[in-house]
Amino acid sequence: MAADTAPLQPTTIQHLASAVYPSFAMLAGMQLDVFTPLKDGPLTAAQLAAVLGVNTEKLSRLLYALVTAGLLTVDGDRFANTPEAQQFLVKGQPTYLGGRHENFSEVWENLLHTAETIRTGVPQCKKDFATTSPEDQRHFFRGLHPGTLANGRELAGRYDFSPYTTLADVGGGSGGMALALTDAYPHLRATVIDLPTVTPITQRFLAEAGAADRVQVVSTDVVHTPVPGTYDVAVLRSLLQVLSPEDALQALRHIGAALPPGGRLYIVGRILDDSRLAPVDTVGFNVAFLNIFDEGRAYTEGEYRTWLTAAGFAEIARVPLPEGVSLITARKPA
């Protein structure tokens, strides 16, 4: 007789169903700016509620959820930031990421439409940067800006930009990459290149940062138009992933033409292993792309290598970055 076996349980299903709760607790904490008032030390729920101007009992439930999420600690009735929350979720810190709640909200709302997008074959939350209203553009790039700055700082810390004097931040959006790199290398002069509908938003971010003396803005469609000027180095963040394969190749050709022999190219974005099973964050985010773009997606490393080779680049290498993002470096042969 076969040995008795325990009946199969829906363990994975239950885990996935409850996995969203810490994420939404974090989102609410970021939206309410729970973490900044805790920067100087622990507070009770009542003290924090008074600072935030909210109901104590309702806030208390969120605070305990943030403890279980790993963003707060509790000792008796007093709540405090974890070291990670203190560094990344307190306003005024140079590493502040709390503003990303706008981007998280938009992406997570878009994901709710995935089945309908697949059913109809039409992106249900389509984003077209050439036609999106200025208000929607501001909201979108405001949500992306903290992550863009973080990627720029990561790049500045990993690679030596001191030999360069001119940099093109292509498809730069808020200009966060250019801001971070010129802050780390004050001699560097950057140009953010993006669509005419986007560059007015770029100008606002640069003005807020007081960076007009080191970063300029040029309006160009890099898919259909040559990149104006020449630059020692170019950076791209999350650009090729919003384009079709044909347009991605054409953009790389235009960018390559604006670099001198020996010029370097740095690409930051959602890049899949050739298996399409990793990084896990990017595999998941690729589902969000379904709802946003007609053609855009997380392409594989092999696809990037094919485009870069066809565009005349060599010495192509990929480096993993935090949050499932990857960096691809390439060089225009001398």
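Considering empty space enclosed by the protein
Where empty space is left becomes clear once a probe the size of a water molecule has been rolled over the atoms.
Part 1 of the argument: All told, the structure shown has one cavity of 30 Å³ or more when counted by the stated rule.
Part 2 of the argument: Considered as a void within the structure, the largest cavity measures approximately 30 Å³ in volume.
Part 3 of the argument: Forming the boundary of the largest cavity are Arg-138, Arg-142, Ile-201, Arg-204, Phe-205 and Glu-208.
Part 4 of the argument: Sorting the residues of the lining of the largest cavity by element identifies helix H8 (134-158) and helix H10 (199-209) as the ones contributing at least two each.

Observations concerning the sheet that holds strand E1 (residues 43-44)
One key point about sheets: their strands pair by backbone hydrogen bonds, in either a parallel or an antiparallel sense.
Part 1 of the argument: Here we have three strands laid out as an open sheet, ordered E1-E3-E2, and antiparallel in their pairing. Each edge of the open sheet carries a strand with a single partner, namely E1 and strand E2 (72-75).
Part 2 of the argument: Sheet analysis places E1 next to strand E3 (residues 78-81), joined by two bridges and oriented antiparallel. Paired with Thr-44 across the bridge in E3 is Arg-78.
Part 3 of the argument: Most of the contacts of helix H4 (residues 56-68) go to E2, to which it runs at about 110°, and overall it touches E2 and E3.

Side note on the sheet that holds strand E7 (residues 233-237)
Part 1 of the argument: Spatially, seven strands are ordered E6-E5-E4-E7-E8-E12-E11 in an open sheet, and the strand pairing comes out mixed. Looking along the sheet, the strands with just one partner apiece sit at the ends: strand E6 (215-219) and strand E11 (314-320). The average undirected angle you get between the axes of adjacent strands in this sheet is 20°.
Part 2 of the argument: The sheet contact formed by strand E4 (residues 166-170) and E7 spans four bridges and is parallel. Paired with Asp-169 across the two strands is Val-235, which belongs to E7.

Some thoughts on the packing of aromatic side chains
Part 1 of the argument: The full count for this structure, using the stated rule, is 15 aromatic pairs.
Part 2 of the argument: Ring geometry for Phe-289 and Phe-293: centres 6.0 Å apart, planes at 40°, overall tilted. Comparing Phe-289 with Phe-293 shows no difference in burial state: the two are buried.
Part 3 of the argument: The ring of Phe-285 has Arg-270 sitting right over it, with the charged end atom 4.3 Å from the ring centre.

Conventions used here
- Residues numbered from 1 in each chain as written.
- Predicted model: local features only at pLDDT ≥ 70, side-chain atom pairs only at ≥ 80, totals over all residues.
- Heavy atoms only, no water.
- 1 Å grid on protein atoms, 1.4 Å probe; cavity = no way out; pocket = protein on both sides within 12 Å on 5 of 7 lines; lining within 4 Å.
- Points joined across faces, edges and corners; volume = space filled by probe spheres on them.
- Helix = DSSP H or I, 4+ residues; strand = E, 2+ residues; numbered from the N terminus.
- Pairing = 2+ DSSP bridges.
- Contact = heavy atoms within 4.5 Å.
- Axes fitted to C-alpha atoms, helices over the stretch in contact; angles between N-to-C directions.
- Phe/Tyr/Trp six-rings, centres within 6.5 Å; stacked < 30°, edge-to-face > 60°.
- Buried < 20%, exposed > 50% of the residue type's maximum accessible area, 1.4 Å probe, protein only.
- Lys NZ or Arg CZ within 6 Å of the ring centre and 35° of its normal.

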